[in-house]
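Listed below, chain by chain, are the residues.
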Amino acid sequence: MKFFVDTANLNQIKEANDLGILDGVTTNPSLMAKEGVKGEEAIMNHYKTICEMVDGDISAEVLSVTFNEIIEEGKKLAAIHPNIVVKVPMIKDGIKAIKWFTDNGIKTNCTLIFSAGQAILAAKAGATYISPFLGRIDDSGWDGVQLIEEIAQIYAVQGFKSEILAASIRNPNHIIRCAAAGADVCTCPLDSILGLLKHPLTDIGLAKFLEDAKKM
Ligand code: G3P
C-alpha cells in the first residue's frame, strides 16, 4: 500500500517526506485555504513547490464543475509538473472530464466517492485513482472501511485498473484496516502516520535497553 500525506502544509509534507516512506501528496480546496494560499498564481506556485519537494503523485483539485471549465483548469494544473494528478469531483461533468483526461494521457483522482456505484463509474471513465472518504462515512454512522472492501472486491472481479485511494483518514487504525481491506493507497494526516509508530511497550522496552546499556 502506498502512503500519501493529505495536507497542503509544507512543513508537514517535509516531515512526512523525511521519513522516507512517502509516495505522494493529496490536497483539496479546504486544505489549501487552511494554508492561506489565495489566487491562481499562488495556488500554481504552491503545487509546484510540493512537486519539487516530493517525488511522487501530487493531487491538485479543480474548482470548476462544468466539462469545458474542468478540462481547461485540469490542463493548466497538469502543465505545472509531470507528477500532477488532476483531482476531479464525482459529478456527471466530472466523469466526462475524467474520460477526456484519460484519453489525453492526463492522470486523474476522482474525489468525493461515497458509494460502490460511484467507484464503478469512475473506474469505467479510466480514473487513475478513486478517493472514497471513509472518515466522513464513519462520521455519518456507516462503516467507511466496509466500502473500501466492497470496492476492492468489485475491482478485483471486474479487473478495473483504478487505484483505490482511501481518503478522509482520521486515525492510525483506519490505515491498518485500509491495508487489510485492499486499499492501494492511503492518504493520511501526518498525525495518523506518526501514530503508527506508537506503542507503550516499545517505549518501556527502549528505556530498559538504554538503562541496561549503561552497565555494558
Ligand atoms: O483530501 C480529501 C479528504 O482526505 C478529506 O478528509 O478529513 O476533510 O474528511 P476530511
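Residues numbered from 1 in each chain as written. Predicted model: local features only at pLDDT ≥ 70, side-chain atom pairs only at ≥ 80, totals over all residues. Heavy atoms only, no water.

**What to know about the overall build of the chain**
Turning to step 1, where the next piece is worked out: Looking only at helices and strands, one finds eleven helices and eight strands in the chain.
Turning to step 2, where the next piece is worked out: Over its C-alpha atoms the chain spans a radius of gyration of 19 Å, differing by no more than 12% from the 17 Å that the globule rule assigns to 216 residues.
Turning to step 3, where the next piece is worked out: Along the longest, intermediate and shortest principal axes, the C-alpha atoms of the chain span 70 × 40 × 30 Å.
Turning to step 4, where the next piece is worked out: Within the chain, the proportion of its 216 residues that are buried is 45%.
Turning to step 5, where the next piece is worked out: The contacts of the chain with a sequence gap of at least 6 include a subset with a gap of at least 24, amounting to 57%.
Turning to step 6, where the next piece is worked out: Carbon and sulfur atoms make up 55% of the accessible area of the chain, which totals about 11100 Å².
Turning to step 7, where the next piece is worked out: Here the chain holds 21 positive side-chain charges and 27 negative ones, and the gap between their average locations is 1 Å. (Helix = DSSP H or I, 4+ residues; strand = E, 2+ residues; numbered from the N terminus. Rg over C-alpha atoms; globule rule 2.2 N^0.38 Å. Buried < 20%, exposed > 50% of the residue type's maximum accessible area, 1.4 Å probe, protein only. Contact = heavy atoms within 4.5 Å. Areas by Shrake-Rupley, 256 points an atom, 1.4 Å probe, with all protein chains shown as cover. Lys, Arg positive; Asp, Glu negative; His and termini not counted. Charge placed at Lys NZ, Arg CZ, Asp CG, Glu CD.)

**So, the packing of aromatic side chains**
Remark: the centre distance and the inter-plane angle together describe each pair of aromatic rings, the angle taken between the planes.
Turning to step 1, where the next piece is worked out: One pass over the full model with this rule turns up four aromatic pairs.
Turning to step 2, where the next piece is worked out: Each ring, one from Phe4 and one from Tyr129, has its centre 5.7 Å from the other, and the planes form 70°; the classification is edge-to-face. On the criterion of sequence distance, the pair formed by Phe4 in strand β1 (residues 2-6) and Tyr129 in strand β6 (residues 129-132) is long-range, its members being 125 residues apart.
Turning to step 3, where the next piece is worked out: Phe4 gets classed as buried once you look at its relative accessible area, which sits at 1%.
Turning to step 4, where the next piece is worked out: Overall, the relative accessible area of 2% leaves Tyr129 in the buried class.
Turning to step 5, where the next piece is worked out: The side chain of Lys96 reaches across the aromatic face of Phe67, ending 5.3 Å from its centre. (Phe/Tyr/Trp six-rings, centres within 6.5 Å; stacked < 30°, edge-to-face > 60°. Lys NZ or Arg CZ within 6 Å of the ring centre and 35° of its normal.)

**Re the sheet that holds strand β5 (residues 108-113)**
Turning to step 1, where the next piece is worked out: Strand order in this closed barrel of eight strands is β1-β2-β3-β4-β5-β6-β7-β8, and the pairing throughout is parallel. The mean inter-strand angle of the sheet, taken between neighbouring strand axes irrespective of direction, is 30°.
Turning to step 2, where the next piece is worked out: In terms of strand pairing, β5 meets β6 through three bridges, oriented parallel. What sits directly across from Asn109, in β6, is Tyr129.
Turning to step 3, where the next piece is worked out: Strand contacts of helix α4 (residues 67-78): β3 (57-61) and β4 (84-89), with the helix running at about 155° to β4, the strand carrying the most contacts. (Pairing = 2+ DSSP bridges. Axes fitted to C-alpha atoms, helices over the stretch in contact; angles between N-to-C directions.)

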